[in-house]
Amino acid sequence: MVGNGPGQVAESRILIVGLGLIGGSLAAALRAAGFGGISASGFGPANEIVSCDPDPEEIARGIAMGLIDRGDTRLAPLVQGASLIVLAVPVLAMESVMAELAAALPAGVLDGETPRVTVTDVGSTKAAVRDCALRVFGRMPSGLVLGHPIAGSEKSGVAAANPRLYVNHKVILTPSAETAPAAIARVRALWQACRAQVLEMDVERHDQVLARTSHLPHLLAFSLVDTLARQDERLDIFRYAAGGFRDFTRIAGSDPVMWRDIFVANREAVLASLDDFEAGVSRLRQAVEAGDGDTMLAILDRASHARRYFDSLLNQTSYQAEYQMQPHQRLTFRAAPGGRVAGRIRVPGDKSISHRSIMLGALAEGVTEVKGFLEGEDSLATLQAFREMGVAIEGPHQGRVTVHGVGMHGLKAPSGPLYVGNAGTAMRLFSGLLAGQAFDTELIGDASLTKRPMGRVADPLRQMGAVIDTAEGGRPPLKIHGGQRLKGIDYDMPMASAQVKSCLLLAGLYADGETRVREPAPTRDHTERMLAGFGYDVVREGDTCWLTGGGKLTAALIDVPSDISSATFFLVAAAISPGSNLVLEHVGINPTRIGVINILKLMGADLHLTNQREVGGEPVADLHIRYAPLKGIDIPVDQVPLAIDEFPALFIAAANATGTTRLRGAEELRVKESDRIQAMADGLAAIGVEHVVREDGIDIVGAGGSDVAYGGGRIDSLGDHRIAMAFVIASLRAGDDIVIDDCANVATSFPGFVELARTVGLQVNEDAEVAG
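None of these values were measured; they are calculated from a predicted model. (Residues numbered from 1 in each chain as written. Predicted model: local features only at pLDDT ≥ 70, side-chain atom pairs only at ≥ 80, totals over all residues. Heavy atoms only, no water.)

**Some thoughts on the overall build of the protein**
Broken down by element type, the protein carries 24 helices and 33 strands. Expressed as lengths along the three principal axes of its C-alpha atoms, the size of the protein is roughly 85 × 65 × 50 Å. Relative to its full complement of 772 residues, the protein shows a buried share of 55%. Taking all contacts inside the protein whose residues are at least 6 apart in sequence as the whole, residues at least 24 apart take part in 76%. Here the protein displays about 30100 Å² of accessible surface, and carbon together with sulfur accounts for 51% of that area. Across the protein, 72 positive and 92 negative side-chain charges occur, with their mean positions spaced 2 Å apart. (Helix = DSSP H or I, 4+ residues; strand = E, 2+ residues; numbered from the N terminus. Buried < 20%, exposed > 50% of the residue type's maximum accessible area, 1.4 Å probe, protein only. Contact = heavy atoms within 4.5 Å. Areas by Shrake-Rupley, 256 points an atom, 1.4 Å probe, with all protein chains shown as cover. Lys, Arg positive; Asp, Glu negative; His and termini not counted. Charge placed at Lys NZ, Arg CZ, Asp CG, Glu CD.)

**What about the nonpolar core?**
If you look at the biggest cluster of nonpolar residues, it comprises 83 residues, and the most contacted ones within it are Phe-333, Phe-570, Leu-584, Phe-647, Ile-652 and Phe-727. Top element by residues in this core is helix 18 (residues 564–576). It accounts for 10 residues. Not counting chain neighbours up to four residues away, the residues in contact with Leu-584 comprise Ile-345, Val-347, Ala-567, Phe-570, Leu-571, Ala-621, Asp-622 and Leu-623. Counting 67 residues, the second-largest nonpolar core is a separate cluster that includes Met-359, Leu-363, Leu-547 and Ala-556. (Core = buried A, V, L, I, M, F, W, Y, C linked by side-chain atoms within 4.5 Å.)

**A short note on the pattern of salt bridges**
Counted under the stated rule, the structure contains 43 salt bridges. Residue Arg-13 is joined to Glu-48 by a salt bridge in which the shortest nitrogen-to-oxygen separation is 2.5 Å. Linking Arg-13 in strand 1 (residues 13–17) with Glu-48 in strand 3 (residues 46–52), this pair joins segments that are 35 residues apart in sequence. In this structure Glu-48 comes out as buried when scored by relative accessible area, which is 16%. Between Arg-212 and Asp-276 there is a salt bridge, with the nearest N and O atoms lying 3.2 Å from each other. Of this pair, Arg-212 sits in helix 7 (residues 203–231) while Asp-276 sits in helix 10 (residues 267–290); the two residues are 64 residues apart in sequence, bridging distant segments of the chain. Look at Arg-212 and you get partly exposed, because its relative accessible area is 31%. Judged by relative accessible area, Asp-276 falls into the partly exposed class, the value being 47%. One continuous salt-bridge network, built from bridges that share partners, spans Arg-524, Asp-645, Lys-672, Arg-676 and Asp-720. (Salt bridge = Lys/Arg side-chain N within 4 Å of Asp/Glu carboxyl O.)

**Here we look at the confidence of the model for the protein**
Per-residue confidence for the protein gives a mean pLDDT of 88; residues scoring 70 or more make up 92%. Scored below 50 in pLDDT, residues 1–6 shows 19 contacts in the model against residues more than four places distant or in partner chains. Counting contacts from residues 312–328, a segment whose pLDDT is below 50, to residues more than four positions away or on other chains yields 59 contacts. (pLDDT = per-residue confidence, 0-100.)

**Points about unusual backbone geometry**
Glycine aside, residues mostly have negative phi, and peptide bonds are mostly found in the trans state. Between Gly-395 and Pro-396 the backbone carries a cis peptide bond, its omega angle lying at 10°. Within the fold, Pro-396 resides in strand 14 (residues 392–397). The backbone of Gln-398 shows a phi angle near 50°, a positive value even though the residue is not glycine.

**Points about the sheet that holds strand 14**
Backbone hydrogen bonds are what pair the strands of a sheet, in a parallel or an antiparallel way. What the 4 strands build is an open sheet, ordered 14-15-13-24; its pairing is mixed. What marks the edges here is a single partner per strand, and that holds for strand 14 and strand 24 (557–559). The average undirected angle you get between the axes of adjacent strands in this sheet is 10°. Contacts between helix 13 (residues 377–388) and the sheet are confined to strand 14 and strand 15 (400–404), with strand 14 contributing the most and set at about 160° to the helix. (Pairing = 2+ DSSP bridges. Axes fitted to C-alpha atoms, helices over the stretch in contact; angles between N-to-C directions.)

**A short note on the environment of Ala-685**
With respect to the helices, strands and loops of the structure, Ala-685 is situated in helix 21 (residues 676–687). Classification of Ala-685 as partly exposed rests on a relative accessible area of 47%.

**Some thoughts on the side chain of Asp-699**
Examined against the element boundaries, Asp-699 turns out to sit in strand 30 (residues 697–703). Those residues in contact with Asp-699, other than ones at most four positions away along the chain, are Thr-660, Thr-661, Arg-662, Leu-663, Arg-664, Glu-690, His-691, Val-692 and Arg-694.

Rendered as structure tokens:
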């Protein structure tokens, strides 16, 4: 799939064959862009739009509307001088039109690296059009570019022409190996002049996707309306139809002849998608007949939340469209200097615990109630993945989620890859959980996650008997082959990683015998705590924890504490801003996560824990922090694993401390969403903070005591949410604005970050632009 920026049409004459809605709207869009007649618009001194249509009245109407310069019912008189020809005729008419075109065109004009004439089409089924070309030309000419604009209307004819029909709509090009790049560029420029988003994919994929997303819905709408109309000859039933019925059946008003042709031309793909639909309807019918509420809820809830979730994602993902056709939204933060931080706030729920609550709740027997669930994109991806595997999940609604567990062996094979967004935690934990299932699965993520190493979980899982394929370098996607018999292992982790530990413990639930994991330094223990909360026996002695496979999980109540990683940005904001006084409520203070608290206190922060208590097996407290001057320290190595996700914010604390802060033993930072050591170092350099990068850490020379600790600048966050939020906080002591690019992923861990930052006193704004 390819998308480009604006193009320029440099054609002398464009011939549109078929002056209906699609062809007429193309002409109208080109006219609106300044193409046609004598022009100083950049299209050349003189150019024209001509059209061929079997209906002379349509041609006359097109001329009267100012859409075309001239036209004819015959093709041959219009071909001479045309440099770009658009076939906007029904698919079943395509072969006869191509044959007439082949007879009219001079020999060789469609061939070569730079064909003199380029031909494209607008058919919604591409294999049928390709086959027509092969029969007519005996080959795929290099100047033929098959295409399909994803746009339309229930109206037809040139009178319905709309110059905005293609604005922000997709146009899919399906070039063959023989297609000349120069011809593709000309067709791309044509559609971009109409302000469409141009993409590419292969013919077969196009036809499969369109059969499911366009052809099947039209077929169902026509069928439903026809069925109801035949049941009630007077059509009284339609008097009582609500808006939902009208919305769903609106497309049944489309051109019947066109859709008949489409169903015939794309028959195999339409039938395959219809088979899948009928199987789904059959499952729902059986659940209704049996009064099976859980199955009905699983189907309805999965569909409802899938629809909303598809709309909510910001990045290109398989969820937004089956073939990744949504635009990528680029988000920029602009943070102004100055201010102080004050108030009482509660940050979103802990992402690690939110992930685990859904995973274990799905595998438990009974209904698990979750409060404080983080409604960020990563956690929503975990919810959706389990819905894809047949689990009924209600919510989230204001942080509440209800999971109807299916038991240890109740998951079902998903219909396609499971998308986990930007969440390395989800992908690594899923790999262990799915290694013990009876079915195959594939785990995919966004562009950032695709760069992260997964060999650290794949290798020990293979020792347990799992069969896992990874991309080059042990990176995603992960293809996990089900039906394997796992065996427990005794594993010494080469690095301190809670994700690896948790992955192996989850695989151990399905393994024969005992699974033991030994860690070189303490890591977060949310998985062990939550397994115990779900009634599964987990033992821990010293640096080793273990469990025995074959047990079961029992539903539990989960109250997710606020995420200390999210709280860290506001702790640092208050710590570096004179006059600040802030309380963060209900923050998780798990002993394996409080490295940031310990480090800030060592640096001199005025930080106190109040209202300490335990909720659902996890310790929580309110964190009260006031401004106090910070000093540089050598960060204790034993605190590094306990604060691994908090270091981007801690680097900003160091930049505002007096003296030098030294970090060592933090190699893990180089394999997060970005190389966080280098990304932060680049950002610090951009705003003028003195530092020295080390292989396993960094030395940061702070400017404590100065009202302005550093300058402003422009930061590339590399799509890493923590880098972006860290430099927003840095603006409090900057001398000028800090502009941070590529911030869309902040929503993955901290939805509502900008609003909350403004609430406590930061001056930050966001600016979104869509890059096609």
